[in-house]
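Below are the chains, spelled out letter by letter.
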2 protein chains.
Amino acid sequence: MDNIVLAHGSGGRLHHELINEVFRAQLSNPRLDQLLDAAILDLPSEGRLAFSTDSFVIDPIFFPGGDIGCLAVYGTVNDLAVSGAIPRYLSAGFIIEEGFSLSELKTIVTSMRQAASQIGVEVVTGDTKVVGRGQVDKLFINTAGIGLVPAGINLSPGQVQSGDQIIISGTLGDHGLAILAQREGLAFSTPVKSDCGSVLRLAQALLKVDPTAVRCMRDPTRGGLATTLNELAQQGAVCLKVEEDRIPVLPAVQGGCAMLGMDPLYLANEGKLVAIVSPDRADEMLSVLQQIPEGQNACRIGEVQEAPRGIVLLRTALGAERVLGMLEGELLPRIC
Amino acid sequence: MDNIVLAHGSGGRLHHELINEVFRAQLSNPRLDQLLDAAILDLPSEGRLAFSTDSFVIDPIFFPGGDIGCLAVYGTVNDLAVSGAIPRYLSAGFIIEEGFSLSELKTIVTSMRQAASQIGVEVVTGDTKVVGRGQVDKLFINTAGIGLVPAGINLSPGQVQSGDQIIISGTLGDHGLAILAQREGLAFSTPVKSDCGSVLRLAQALLKVDPTAVRCMRDPTRGGLATTLNELAQQGAVCLKVEEDRIPVLPAVQGGCAMLGMDPLYLANEGKLVAIVSPDRADEMLSVLQQIPEGQNACRIGEVQEAPRGIVLLRTALGAERVLGMLEGELLPRIC
């Protein structure tokens, strides 16, 4: 059988075959292999848990730099990582359209396994539903993740103070533009790849410098850096002021954005970290990030002011200053 | 605005309004209200965690006895409950079709809140995606759940022994037949309602009698009791022998099944518990269940034999004995 049929989601015999031959074949571990209704997890007796979830509905499901499988792992892992947690366990819920290719599903699950093993997380529990043709577009994946937050780590926009520095781990807009280009059939002379990847090493490196000097971290996905900064400004009741010409954007992304009338500050990223850090440790933190391959383009892009509270100000390359608002409307549906 | 638009899933302004006005309006709690990328949870320093996930794609989303919202809460809570855990925290991931009614969404989220507060669990983290018309059928919900497994509780099919008794908490097939009847526009003289509900009280009551006398528990959802028993027989490498005339089925469900050529043993349940228990405590456990409203029709339906291993045997009302196989094919897509 080369394609998914409704009976693969029935709970019955074919369902069990799918679980064994596709999911367990790749993701096997002692907890998943128990095949209980819930995975039973031993956790260290100290610390707190971080718990997060994301559904992935990206279109196309295969794109330059990744696919929906590794994205579903990195996306949830990154939400845990920016909370200061060490990701440990994932759940995976698949909703599959009848007729979907079984070999594509295997490729996607293999990609999940590779991403998970690179990070050191395990998929320990899962669920598969199959719905009729036309009732879902190909494949959606939900992951939820559990991480451990070591004692002494308390990241929150409420910790942000005037004078704190804003750091970004690399170039912006790569994921958004890569998806858009593929969807619209655009070709650039320099192909743009999604930055789909883990920010765990970056986040842990910053915390290792000094956990109290890291005020808070985020990964600027949907809505882009502009939306993430607005959330932080509102939640922290501070003003974030960033300088446009310090924000790293690949020339190909810049060019693609100019052509399409897009702003890279609103495009999704899937492997970038924004950190707000204490000014006295900012240089050290920046240099720590730059020594990690996925952080080599890390930059300091601005700083925190007391007022106007809840606002993001952008100092443009020409020296003007304007409010950088949250995303209005929807630039790119199904970007993640 | 009365309907969901793509921008409700953008990460931008409308997205934040949706989160505040629909999700937080109903589900607010100190952990959710932090609006961090991951919820941070304090947990007692002892015991283990149970972790489970389910996606809900049921059609229709409103049905006699419930809706997709309470089902998404009960479904995951029940997976935790039958693992011996006390459910604590849920994540909720919504995938919504553009144009979906905002007021129906509010009704569904209200139903989630009522189910969660009845059980004592909190939705602490979530995600919302909106996809274009025709790319998903109305609304899918994924929930993942974390529960605490007290020390001394170790439920597993591996514990099942010859002579153990098989108990079911109530009538079978109610959910499956209720959905089928509504979908097909069938009316029965006695309307059949879904049994959509929590099995937590039932599971906890059994464990309170004697945690070591409860070998394992399951909730027979997709694939019905027959499929669940087959899983247990295979995983425990035992034979489960059940007696058809002891299995409780409502007359209306029996009648509906006869008319439609369905077998209630393969129909989904969404609020029933199967327990395999030590023979010396079986009477006491049965009577404990029968004192709880949702367990009033609890029955002992059979027992465990050593051989033939991995097989479920059904003794029919006429006294014949036959193998009760796992579900083949798919009776009812999108039953949960």
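If you're wondering where the values come from, they're calculated on a predicted model, not measured in any experiment.

Quick notes on unusual backbone geometry
Between Ala307(A) and Pro308(A) the backbone carries a cis peptide bond, its omega angle lying at -5°. Checked against the element boundaries, Pro308(A) lands in the loop between β12 (299-305) and β13 (312-315). Backbone geometry places Ala237(A), a non-glycine residue, at a positive phi of 50°. Of note in the backbone geometry, Arg334(B) takes a positive phi value of approximately 55° without being a glycine. You can see Arg334(B) is positioned in the segment after β14 (321-323).

Re the interface of chain A and chain B
How big an interface is tends to be stated in terms of the accessible area lost upon association of its parts. Taken together, the contact pairs 73 residues of chain A with 73 residues of chain B. Both sides of the chain A and chain B interface together cover about 5700 Å² of buried area, and 58% of this is carbon and sulfur. For the chain A face of the interface with chain B, the top three residues by lost area are Asp37(A), Phe51(A) and Arg222(A), together amounting to 14%. At the boundary of chain A and chain B, one finds eight salt bridges. Ionic pairing is found between Arg13(B) and Glu328(A), a salt bridge with its closest N-O pair at 2.8 Å. On inspection of chain A and its partner chain B, the count reaches 28 residue pairs in polar contact (both at pLDDT 80 or more). Going through the elements one at a time, α1 (13-27), β1 (39-41), β2 (48-56), α3 (68-81), β5 (86-97), β6 (122-131), β7 (139-149) and α7 (224-236) of chain A are the ones with two or more residues in the side of chain A that touches chain B.

A closer look at the side chain of Asp210(A)
Residues and elements named next belong to chain A. With respect to the helices and strands, aspartate 210 occurs in the loop between α6 (200-209) and β9 (214-218). Given a relative accessible area of 17%, aspartate 210 falls into the buried group. In contact with aspartate 210, other than residues within four places in its own chain, are Arg281 and Met285.

What to know about the pairing of strand β8 (residues 165-168) of chain B
All names here are of chain B. Residue alternation in β8 divides its side chains into two sets, Gln165 and Ile167 and Ile166 and Ile168, and both sets are buried. Here β8 runs beside strand β11 (residues 274-277); their pairing, made up of four bridges, is antiparallel. Opposite isoleucine 168, over in β11, you have valine 274 as the bridge partner. Note: β8 against strand β12 (residues 299-305), four bridges, orientation antiparallel. Paired with isoleucine 166 across the bridge in β12 is glycine 302.

As for the pattern of salt bridges
Pairing is possible between side chains that carry opposite charge, provided their charged atoms lie close to one another. Summed over all chains, the structure comprises 42 salt bridges over all chains. Here Lys272(A) ties to Asp195(A) by a salt bridge, and the two come within 2.8 Å at their closest N and O atoms. Of the two residues, Lys272(A) is situated in the loop between α8 (251-260) and β11 (274-277) and Asp195(A) in the loop between α5 (174-184) and α6; the sequence distance between them amounts to 77 residues. A single network of salt bridges, built from pairs that share partners, joins Asp54(A), Arg222(A), Asp127(B) and Lys129(B).

A few points about the sheet that holds strand β2 (residues 48-56) of chain B
A sheet is described by the order of its strands in space; here five strands give the open sequence β1(A)-β2(B)-β7(B)-β5(B)-β6(B), paired in mixed fashion. Since the sheet does not close on itself, it has two edges, and those belong to β1 of chain A together with β6 (122-131) of chain B, each with one partner. Looking at each pair of strands side by side, their axes are set apart by 15° on average, direction ignored. Strands β2, β5 (86-97) and β7 (139-149) of chain B of the sheet are contacted by helix α3 (residues 68-81) of chain B, whose axis makes an angle of about 145° with β2(B).

Observations regarding the sheet that holds β8(B)
Residue and element names in this part refer to chain B. Taken together, seven strands build an open sheet; the order of strands is β9-β11-β8-β12-β10-β13-β14 and the sheet is mixed. What marks the edges here is a single partner per strand, and that holds for β9 (214-218) and β14. On average, each strand axis in the sheet is inclined to that of its neighbour by 25°, with strand direction left out of account. Contacts from helix α7 (residues 224-236) reach β8, β9, β10 (239-243), β11, β12 and β13 (312-315), with the element oriented near 140° to β9.

Some details on the packing of helix α6 (residues 200-209) of chain B against helix α9 (residues 282-290) of chain B
All names here are of chain B. Look at α6 against α9: their axes get within 9 Å of each other, and the N-to-C directions meet at 145°. Where α6 crosses over α9, the two elements pack in a sense that is right-handed. Facing Leu202, Ala205, Leu206 and Val209 of α6, the residues of α9 in contact are Glu284, Met285, Val288 and Leu289. Classifying every residue of the contact of α6 with α9 by side-chain character gives seven nonpolar, no polar and one charged.

Points about the domain arrangement of chain A
Residue and element names in this part refer to chain A. Examined at the domain level, chain A breaks down into domain 1 (6-149) and domain 2 (157-323). Distance between the C-alpha centres of domain 1 and domain 2: 28 Å. Contacts between domain 1 and domain 2 engage 22 residues on the former and 22 residues on the latter. When residues of domain 1 are sorted by the area they lose upon contact with domain 2, Pro64, Asn78 and Val82 head the list and together hold 33% of the total. At the junction of domain 1 with domain 2, the criterion picks out zero salt bridges. Inspection of the region where domain 1 meets domain 2 yields six residue pairs in polar contact (both at pLDDT 80 or more). The greatest single-element share of the side of domain 1 that touches domain 2, amounting to eight residues, is contributed by α3. A class-by-class count of the residues in the side of domain 1 that touches domain 2 yields 15 nonpolar, five polar and two charged.

Points about helix α5 (residues 174-184) of chain B
Along an α-helix, residues three or four apart share an orientation, since each turn contains 3.6 residues. All names here are of chain B. Among the 11 residues of α5, eight are classified as buried, and the element is accordingly described as predominantly covered. For α5, the complete set of buried residues consists of Asp174, His175, Gly176, Leu177, Ala178, Ile179, Leu180 and Ala181. Contacts from the buried residues of α5 go to β3 (62-63) and α8 (251-260). Taken from the residues just after α5, glycine 185 is the one with a positive phi, measuring 70°.

The rules we used
- Residues numbered from 1 in each chain as written.
- Chains lettered and ligands numbered in written order.
- Predicted model: local features only at pLDDT ≥ 70, side-chain atom pairs only at ≥ 80, totals over all residues.
- Heavy atoms only, no water.
- Helix = DSSP H or I, 4+ residues; strand = E, 2+ residues; numbered from the N terminus.
- Contact = heavy atoms within 4.5 Å.
- Buried area = accessible area lost by both parts, 1.4 Å probe.
- Salt bridge = Lys/Arg side-chain N within 4 Å of Asp/Glu carboxyl O.
- Polar contact = N/O pair within 3.5 Å; in protein donor to acceptor, adjacent residues only side chain to side chain.
- Buried < 20%, exposed > 50% of the residue type's maximum accessible area, 1.4 Å probe, protein only.
- Pairing = 2+ DSSP bridges.
- Axes fitted to C-alpha atoms, helices over the stretch in contact; angles between N-to-C directions.
- Left-handed = near helix turned anticlockwise from the far one by under 90°.
- Nonpolar A, V, L, I, M, F, W, Y, C, P; charged D, E, K, R; others polar.
- Domains from an automatic or database assignment.

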